Amino acid sequence: MTTAPWRDPALPAAVRVDDLLSRMTLEEKTAQLYGVWVGAATDGDGVAPLQREMTADYDWDELITHGLGQLTRSFGTAPVDPALGAQALARAQRRIAGAGRFGIPAVAHEECLAGFTAWGATAYPVPLAWGASFDPELVAELGRHIGRDLRSVGVHQGLAPVLDVVRDPRWGRVEETIGEDPYLVGTVGAAYVRGLESAGVVATLKHFAGYASSVGARNLAPVRAGVREFADVTLPPFEMALREGGARSVMASYTETDGVPVSADPRLLDELLRGEWGFTGTVVADYFGVGFLQSQHRVAEDEAGAAHLALAAGIDVELPTLKCYGAPLVGAVRAGRIPESLVDRAARRVLLQKCELGLLDEDWRPEPDGPVDLDSAPNRALAGRLAQESVVLLDNPDGLLPLAPDTRIAVVGPRAADALAMLGCYSFPSHVLPHHPEVPLGIPIPTVLESLRAELPDAKVTFAEGCGVSDPDASGFAEAVARAAEADVCVAVLGDRAGLFGRGTSGEGCDVADLRLPGVQGELLDALVATGVPVVLVLLTGRPYALGRWHGRLGAAVQAFFPGEEGGPALAGVLSGRVNPSGRLPVSVPRAPGGQPWTYLQPPLGLAGEVSNLDPTPLFPFGHGRSYTTFSWEDFTGGDVTEIGTDGSYDLSLTVRNTGDRAGAEVVQLYLHDPVASVTRPDVRLTGYRRLELSSGESRRLTFRFHADLSSFTDRTGARVVEPGALELRLGPSSAEVRHTARLRLTGPVRVVGPERTLRCEVEVTEAG
């Protein structure tokens, strides 16, 4: 029997796909352009925006006779045993392949923002905690672990990472981001992509682009970012994750920018992404994003019109389930409303990716190769290490921490004894299990209270909840105050409850009007401080909250951003001193709660000054974090003005020494200050960093290799340029503290740079001389 060219793995993928497309009917080609969401709820609360209104009925058996592009969230829709789920997915794939003429299976995709969103899978720290670690290599290892778990059960595509840069911390999805700086987001995000892709899973960058810049920090609100903000803050992380991470898919954002919905914007999805950046993978819609062009944006009169706009803009796959790319698209093509060439273009991209994944090969098989364990011991160890590295010691003015091993401790607060306090909204127990209250969590998640008792067995630990997370009931204050008054130290564990669409205090659709602690938690903290007993504030949150009200009144303050299933032991380890805190803030912590949503990327007019009585200066700046040991920064090379060309580079070096009595990690940060430019620039912005772990007395030499490309920005004409003139490179432990400064003068002409420019400041670590 002669094998058709499209089945021949010896032929180039493009040749195989062209042959296959030539054999397919219009219905078969369009079938490759949508997903199907089996089991999606059509009533009650959903896990996607407007899920009830946007989910349509279909005949599964009839539908798959034409083939199928994607299967949506076989594991992430309802709790299923992972091994049984893998078998069910394999059966579904066999049915899909057996029903169509060509035997092509679907791409199975799942959410994997903070781990595989499946029952029984490891719940890792959220991306904001990744940013706090300042450890891209550890995040790459995280991506590898998650990717292996996805592939072990037959999943091909992961809908992560989120590369939105925080612009307003009141936005509910801050927990899903990596931070407020594009360089941090880009370097850490690219590392996650490398890890996921190394396991053979298609990483999907989201949300492209501008989603986090919504007006008023409201989910899905319009975006009114300027051209330069969009180019210099929003886009660079995506560019880095594509170039350095090798991501093979991009998800279009729900939002509109300056009146143009992303899902209907060919300048962004085609001209920039594919033309300038050379992206060759697939662009997928965010859930119901194609249909939203009709129902929410009102730029299409019907479903066929929405399909036309999205296809023309460059969206290849409609997710999560068919609506516009099914019968409405087929009918419009046959009626001459939509060129079939748009269908062919998208189908070709989808089939090329399926070819890369081996889904067009005759020896393809969907059954898992071995036993399924989605919460293995190595997974939990990795979750614990990342949790430890992400905990930020905000303040410890009098050395109250670490706690004495035999002290009396009152643990107080609504987050102390709740396992869900560790998890973000895209962790399975927070995302799906609220709809299945009878189902257990599926993974062990020690609470802070349990972990502290295990960590300090000789301490006398009492507990009182004090109040709920968001309700106004203060009736528990009296007991909490009594427990605190009896103790040597009070550990107040406060923070967020992750949820969806207003069902939590943090998470998708859980935006806030200001940055006060939720509910009456602030009043509870006031009452605890008033006892006179030293209070250690432990925050488990998805965003920063204003803490100026208690500054100088606390014994210590510790910040954790939803640290995952091993977050309890990590926090207990920090409190006991077993873990030396090394996290650094990926977002600024504000002083006051209202009126100043702010990130550190401010030009001069965005900083404190005499022209306004409002001071936006944060209480704790981006990059801040303390340690139980001390470090010296010695033998710096730099300081005098050095001339380099606008295409040149410059090395600056220093020696970092651990001068304390215990091992610890220092995060050396390099910031760029541009004194004069043709457009206003942030006063400082991160342009390099290195996390360095050192034993007591140990030292290492760091060399930052700065290239002039890293000073580039978008000028008045819209071009990205490197301008001649003075620059300062500032080394410090945060964005607000400068330890050493190197002064440069760039010489030569203004240089226009493009996608091939240097994106990263490499850092070399050597033995200290």
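Cut-off values and rules
Residues numbered from 1 in each chain as written. Predicted model: local features only at pLDDT ≥ 70, side-chain atom pairs only at ≥ 80, totals over all residues. Heavy atoms only, no water. Helix = DSSP H or I, 4+ residues; strand = E, 2+ residues; numbered from the N terminus. Rg over C-alpha atoms; globule rule 2.2 N^0.38 Å. Buried < 20%, exposed > 50% of the residue type's maximum accessible area, 1.4 Å probe, protein only. Contact = heavy atoms within 4.5 Å. Lys, Arg positive; Asp, Glu negative; His and termini not counted. Charge placed at Lys NZ, Arg CZ, Asp CG, Glu CD. Pairing = 2+ DSSP bridges. Right-handed = clockwise from strand over helix to strand, strands pointing away. Axes fitted to C-alpha atoms, helices over the stretch in contact; angles between N-to-C directions. Parallel < 35°, antiparallel > 145°, perpendicular 65-115°, else oblique. Left-handed = near helix turned anticlockwise from the far one by under 90°. Phe/Tyr/Trp six-rings, centres within 6.5 Å; stacked < 30°, edge-to-face > 60°. Salt bridge = Lys/Arg side-chain N within 4 Å of Asp/Glu carboxyl O. Polar contact = N/O pair within 3.5 Å; in protein donor to acceptor, adjacent residues only side chain to side chain. Expected span 1.5 Å × (residues − 1).

Caption draft 1: Broad picture of the overall build of the chain. When its secondary structure is counted, the chain shows 21 helices and 27 strands. Relative to the compact-globule value of 27 Å for 769 residues, the chain shows a C-alpha radius of gyration of 26 Å, a close match. Counting only C-alpha atoms and orienting by the principal axes, one finds that the chain spans roughly 80 × 70 × 50 Å. Sorting the 769 residues of the chain into buried and exposed places 63% on the buried side. Contacts in the chain between residues far apart in sequence, at least 24 positions, make up 79% of those at least 6 positions apart. Taking the average location of the 69 positive side-chain charges in the chain and that of its 98 negative ones, the two points are 1 Å from each other.

Caption draft 2: Fine view of the pairing of strand 5 (residues 202–208). Counting buried positions along strand 5 yields seven of seven residues, so the element is predominantly enclosed. With two bridges joining them, strand 4 (residues 157–159) and strand 5 adopt parallel strand pairing. Each residue of the ladder has a partner; that of glycine 158, found in strand 5, is alanine 203. Between strand 4 and its parallel partner strand 5, the chain crosses via helix 8 (residues 182–198), and the hand of that crossover is right-handed. Here strand 5 runs beside strand 6 (residues 249–252); their pairing, made up of three bridges, is parallel.

Caption draft 3: The arrangement of the sheet that holds strand 20 (residues 685–694) in detail. Read across the open sheet, the five strands follow the order 17-25-24-19-20; overall the sheet is mixed. Taken across any chain shown, the strands that pair with only one partner, and hence form the sheet edges, are strand 17 (642–645) and strand 20. For this sheet the average axis-to-axis angle between neighbouring strands, irrespective of direction, equals 25°. As defined by bridge partners, strand 17 adjoins strand 25 (residues 740–747) across four bridges and the pair is classed as parallel. When the sheet's bridge partners are listed, glutamate 643 is paired in strand 25 with arginine 745.

Caption draft 4: Highlighting the packing of helix 1 (residues 13–23) against helix 15 (residues 340–356). Relative orientation of the contacting elements helix 1 and helix 15 amounts to 130°, with a least axis distance of 9 Å. Between helix 1 and helix 15, the angle is such that the two are oblique. The element helix 1 and its partner helix 15 pack so that their crossing is right-handed. Along its contact with helix 1, which presents Ala13, Ala14, Arg16, Val17, Asp18, Leu20 and Leu21, the element helix 15 presents Asp344, Ala347, Arg348, Leu351, Leu352 and Cys355.

Caption draft 5: Representation of the packing of aromatic side chains within the structure. In this structure the tally under the stated criterion is 14 aromatic pairs. Where tryptophan 130 meets tyrosine 192, the ring centres are 4.7 Å apart and the plane angle is 25°; that geometry is what we call stacked. In this pair, tryptophan 130 sits in helix 6 (residues 127–133) while tyrosine 192 sits in helix 8, placing the two residues 62 residues apart along the sequence. No difference in accessibility class separates tryptophan 130 from tyrosine 192, as the two residues are buried. Ring pairing ties together the aromatic residues Phe134, Tyr183, Tyr600, Phe622, Tyr671 and Tyr689, which thus form one cluster.

Caption draft 6: Representation of the pattern of salt bridges in the model. For the structure on display, the rule yields 55 salt bridges. For arginine 194, the salt bridge is made with glutamate 137, and the minimal N-O distance between the two is 3.4 Å. Residue arginine 194 is found in helix 8, and its partner glutamate 137 is found in helix 7 (residues 136–152); the two are separated by 57 residues along the sequence. We classify glutamate 137 as exposed; its relative accessible area is 53%. Close ionic contact of arginine 267 with aspartate 265 constitutes a salt bridge, the shortest N to O distance being 3.7 Å. Judged by relative accessible area, which is 54%, arginine 267 ranks as exposed. Shared partners join several salt bridges into a network, and the residues in it are Asp135, Arg385, Glu389, Arg691 and Glu693.

Caption draft 7: Focus on the side chain of arginine 380. Relative to the helices and strands, arginine 380 resides in helix 16 (residues 377–390). Among the residues examined, arginine 380 registers a relative accessible area of 15% and is labelled buried. Of the polar contacts made by the side chain of arginine 380, one reaches the side chain of aspartate 375; its length is 2.9 Å. Of note is the side chain of arginine 380, whose polar atom sits 2.8 Å from the side chain of glutamate 565. When sequence neighbours within four positions are dropped, the list of residues in contact with arginine 380 reads Asp375, Ile443, Pro444, Pro446, Glu565 and Glu566.

Caption draft 8: Here's a closer look at helix 7. Between its terminal C-alpha atoms helix 7 stretches 24 Å, which fits the 24 Å expected from 17 residues at 1.5 Å a residue. Of all the residues in helix 7, the buried ones are Pro136, Leu138, Val139, Ala140, Leu142, Gly143, His145, Ile146, Gly147, Asp149 and Leu150. Packed against the buried residues of helix 7 are strand 3 (107–111), helix 6, helix 8, helix 16 and strand 20. Following helix 7 by one or two positions, glycine 154 adopts a phi angle in the positive range, close to 95°.

Caption draft 9: Structural context of the side chain of serine 632. Here serine 632 is to be found in strand 16 (residues 631–637). The class for serine 632 is buried, based on a relative accessible area of 18%. Among the polar contacts listed, one links the side chain of serine 632 to the side chain of glutamate 634, at a separation of 2.6 Å. Among all residues touching serine 632, those that are not within four sequence positions of it are Thr655, Val656, Arg657 and Thr659.

Caption draft 10: Unusual backbone geometry, seen in detail. A cis amide bond links leucine 319 to the next residue, proline 320, at an omega of 5°. Structurally, proline 320 can be placed in the loop between helix 13 (303–313) and helix 14 (327–334). A cis amide bond links leucine 401 with the next residue in sequence, proline 402, at an omega value of 0°. With respect to the helices and strands, proline 402 occurs in the loop between strand 10 (392–395) and strand 11 (408–412). For arginine 73, which is not a glycine, the phi torsion comes out positive at approximately 50°. Among the secondary structure elements, arginine 73 is positioned in the loop between strand 2 (70–72) and helix 5 (82–99). Even without being a glycine, aspartate 258 presents a positive backbone phi close to 55°. One can find aspartate 258 in the loop between strand 7 (256–257) and strand 8 (260–261). Accessibility expressed as a relative area gives 68% for aspartate 258, which makes it exposed.

Caption draft 11: Structural context of the sheet that holds strand 9 (residues 282–285). Taken in spatial order, the seven strands of this open sheet run 1-2-3-4-5-6-9, and their pairing is parallel. Two strands in the sheet have a free side with no partner beyond their single neighbour: strand 1 (35–36) and strand 9. Across four bridges, strand 6 lies against strand 9 in parallel orientation. Counted as the bridge partner of alanine 252 is alanine 285 from strand 9.

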